[in-house]
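Report on the structure
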Amino acid sequence: MIALSLSEIAAIVGGQSHDIPDPAVRVTGPVVIDSRAVEKGSLFAAFAGERVDGHDYARGAVEEGAVAVLAARPLPGVPVIVVDDVVQALGALARAVVERLGATTVALTGSAGKTSTKDLIAQLLRTKGPTVWPAGNLNNEIGVPLTALRAVEDTRYLVLEMGARYLGDIRYLTGLVPPRIGLVLNVGTAHIGEFGGREQIAVAKGEMVESLPSAADGGVAVLNADDPLVRAMKSRTEARVILFGEADEADVQAENVRLTATGQAAFRLRTPSGCRDVTLRLYGEHHVSNALAAAAVAHELGMSVDEIAEALSEAGTLSRWRMEVTERADGVTIVNDAYNANPESMRAALRALAAMGGASRAEGGRTWAVLGPMAELGDESLAEHDAVGRLAVRLNVSKLVAVGGREASWLRLGAYNEGSWGEESVHVSDAQAAVDLLRSELRPGDVVLVKASRSAGLERVALALLESTTEGEVSGR
Ligand SMILES: Nc1ncnc2c1ncn2[C@@H]1O[C@H](COP(=O)(O)OP(=O)(O)O)[C@@H](O)[C@H]1O
Ligand SMILES: [Mg+2]
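Residues numbered from 1 in each chain as written. Chains lettered and ligands numbered in written order. Predicted model: local features only at pLDDT ≥ 70, side-chain atom pairs only at ≥ 80, totals over all residues. Heavy atoms only, no water.

**Description of helix α4 (residues 114–125)**
Given 3.6 residues to a turn, an α-helix orients residues that are three or four positions apart in the same direction. We apply this condition: Per the convention used, a helix needs a DSSP run of H or I reaching at least four residues, while a strand needs a run of E reaching at least two, with both numbered from the N terminus. Here the expected span of a helix is defined as 1.5 Å times the quantity of residues minus one. Partly exposed residues are those whose accessible area sits between 20% and 50% of the maximum for their type, while under 20% is buried and over 50% is exposed, using a 1.4 Å probe and protein chains only.
Here α4 contains 12 residues, and its C-alpha end-to-end distance of 16 Å stays within 8% of the 16 Å for a straight helix at 1.5 Å per residue. Within α4, 12 of the 12 residues are buried, which leaves the element mostly enclosed by the surrounding structure. The complete set of buried residues in α4 reads Lys114, Thr115, Ser116, Thr117, Lys118, Asp119, Leu120, Ile121, Ala122, Gln123, Leu124 and Leu125.

**What about the site of ligand 1?**
What counts here: Nearness of a residue to a molecule or strand requires only that one of the residue's heavy atoms be within 4 Å of it. For this analysis, a polar contact is any N or O atom pair within 3.5 Å, provided that within protein one partner can donate a hydrogen and the other can accept it, and provided that sequence-adjacent residues contribute only side-chain to side-chain pairs.
The local shell around ligand 1 holds 19 residues, among which Lys114, Thr115, Ser116, Arg322 and Lys451 are the closest. One nitrogen or oxygen atom from the main chain of Gly113 is found 2.9 Å from an oxygen atom belonging to ligand 1. A distance of 2.4 Å separates an oxygen atom of ligand 1 from a polar side-chain atom of Lys451. Put simply, the parts of the chain that give the shell around ligand 1 at least two residues each are α4, α11 (286–300) and α13 (343–362). Ranked by the residues each element gives to the shell around ligand 1, the list is headed by α4, at 3 residues.

**What to know about empty space enclosed by the protein**
Sizing a probe to match a water molecule and rolling it over the atoms shows the empty space that remains. Applicable threshold: Both site types are read off a 1 Å grid over the protein atoms alone. A 1.4 Å probe that fits but cannot get out defines a cavity, while an open set with protein on both sides within 12 Å along at least five of seven lines defines a pocket; lining residues have an atom within 4 Å of a point. Grid points are joined across faces, edges and corners, and a volume is the space filled by probe spheres set on the points.
Enumeration according to the criterion identifies 1 cavity of 30 Å³ or more in this entry. Put simply, the largest cavity is a space of about 60 Å³. Around the largest cavity, the lining residues are Ser116, Asp119, Leu120, Leu282, His287, Gly316, Thr317, Leu318, Ser319 and Arg322. Element by element, the count of residues in the lining of the largest cavity is highest for α4, at 3 residues.

**Structural notes on the coordination of the magnesium ion (ligand 2)**
Rules: Nitrogen, oxygen and sulfur within 2.8 Å of a metal are treated as its donors, or within 3.2 Å for sodium, potassium and calcium (Na, K, Ca); water is not counted, so a site can appear incomplete.
Those donors, Thr115 (OG1), Asn137 (OD1) and Glu161 (OE), are the protein atoms that reach the magnesium ion (ligand 2), and they lie 1.9 to 2.2 Å from it. Mapped onto the sequence, the residues coordinating the magnesium ion (ligand 2) show the spacing T-x21-N-x23-E. Separated by 24 residues along the polypeptide, Asn137 in the loop between β9 (131–132) and α5 (143–148) and Glu161 in strand β10 (residues 157–161) bring together distant segments of the chain. Under the relative-accessibility criterion, Asn137 is labelled partly exposed at 32%. Look at Glu161 and you get buried, because its relative accessible area is 1%.

**Concerning the layout of surface pockets**
Just so we agree on the cut-off: Any residue that is not Ala, Val, Leu, Ile, Met, Phe, Trp, Tyr, Cys, Pro, Asp, Glu, Lys or Arg is counted as polar, Gly included; the first ten are nonpolar and the last four charged.
There is about 600 Å³ of room inside the second largest pocket. Within the lining of the second largest pocket, the residues separate by chemical class into 5 nonpolar, 3 polar and 6 charged.

If you want it as structure tokens, here you go:
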């Protein structure tokens, strides 16, 4: 973060200083919420979480080099700035810091692909100048300000992922760190149970474009031309609109999209400044949409089509468990996409699996879809699980292993009704049972996709399969 004195910070957050010997001392290191991440010059923000209370670690954080602690109560002998609400204080500090910076802020939201796209945008923009972006999934009222607070004087681009569980979440986040470029990827079914329908999700995601400056002030809304609910957001913004997608109207387009035999997407990228061929290193055709969104942002920020195509073709996965492909020594390939799942990403992952299986199938290799529940689908849950089970059969996936409770039985039943009976599809109760089954069945040339919603924790299956193939339990979460 840019250096600020403790008295400046106290004024920004409206806090009371306690046991601070010298208010002129400056915070020069990062703002952190995990005392293990403290560096010399840090500010430690203490949160009372569900399991641990950061206040218990405040003293240790100072011993490790933190200059002071942002906290909800005084802690005798520890230099503390006391505020009513540490989350709000963190937000206020982030807002004040970005106001002092000359960086361009790019923010994105959507139902699926935020983290992947954020990583792509970062990998494009960092070729042009110093870029700050969050590791992993820091997309809420704590993660967004923490990321913004990592920006320093020479930061040129700040790339932020913004998530929404409720109406108003994006408005709050864009209020903290106002983007000049705002991107909406898609409106899917993530959290549909809580929102009560796709239209409601669109209302929430559209808060992104409502927050943007007008076209005259440089605001740019980057919208998905292929998603009607996203495209319709153009009526909700004063910013200039740029469209990406396969639709004819898109300013940044993909033509001739295909999956290579390794499950990676290749296409012709068309931008207003020219066309180039791109082959992604990322697996699955769903990344084409993410890549176009990133290309549109990069184009707006002055990157040439050559620069964009080159950086896109080199970009890898920066965040774990998203189509992470590993080939074991014995020739079994594990595709760990267990970070999360919704109907759209299930379909995309299954199609990538089918493509990847093409080559190995000729040599007797099989494709395995190890799938768990998709959470938060409300009334659509049964139909969506049924449809995924059916799709696995239509794509000719060799074996479906449905893992977990009720939803898994719907998956399996969908496959069964589509014509996959006998041993082609099975239902197992939990991750350990899946690992036991796979350990005894897998053979060289097999490709195994592991995917479910976050709450299912199926990465345990992928990780166990990547460990020694002879022993070991699935580690707990
Ligand atoms: N454009 C997309 N459409 C559908 N699914 C996607 C898309 N991009 C990524 N996914 C899938 O969605 C899941 C979550 O991806 P991630 O990038 O972490 O998104 P988010 O941050 O929105 O949760 C992964 O399984 C990934 O393969
Ligand atoms: Mg994310």
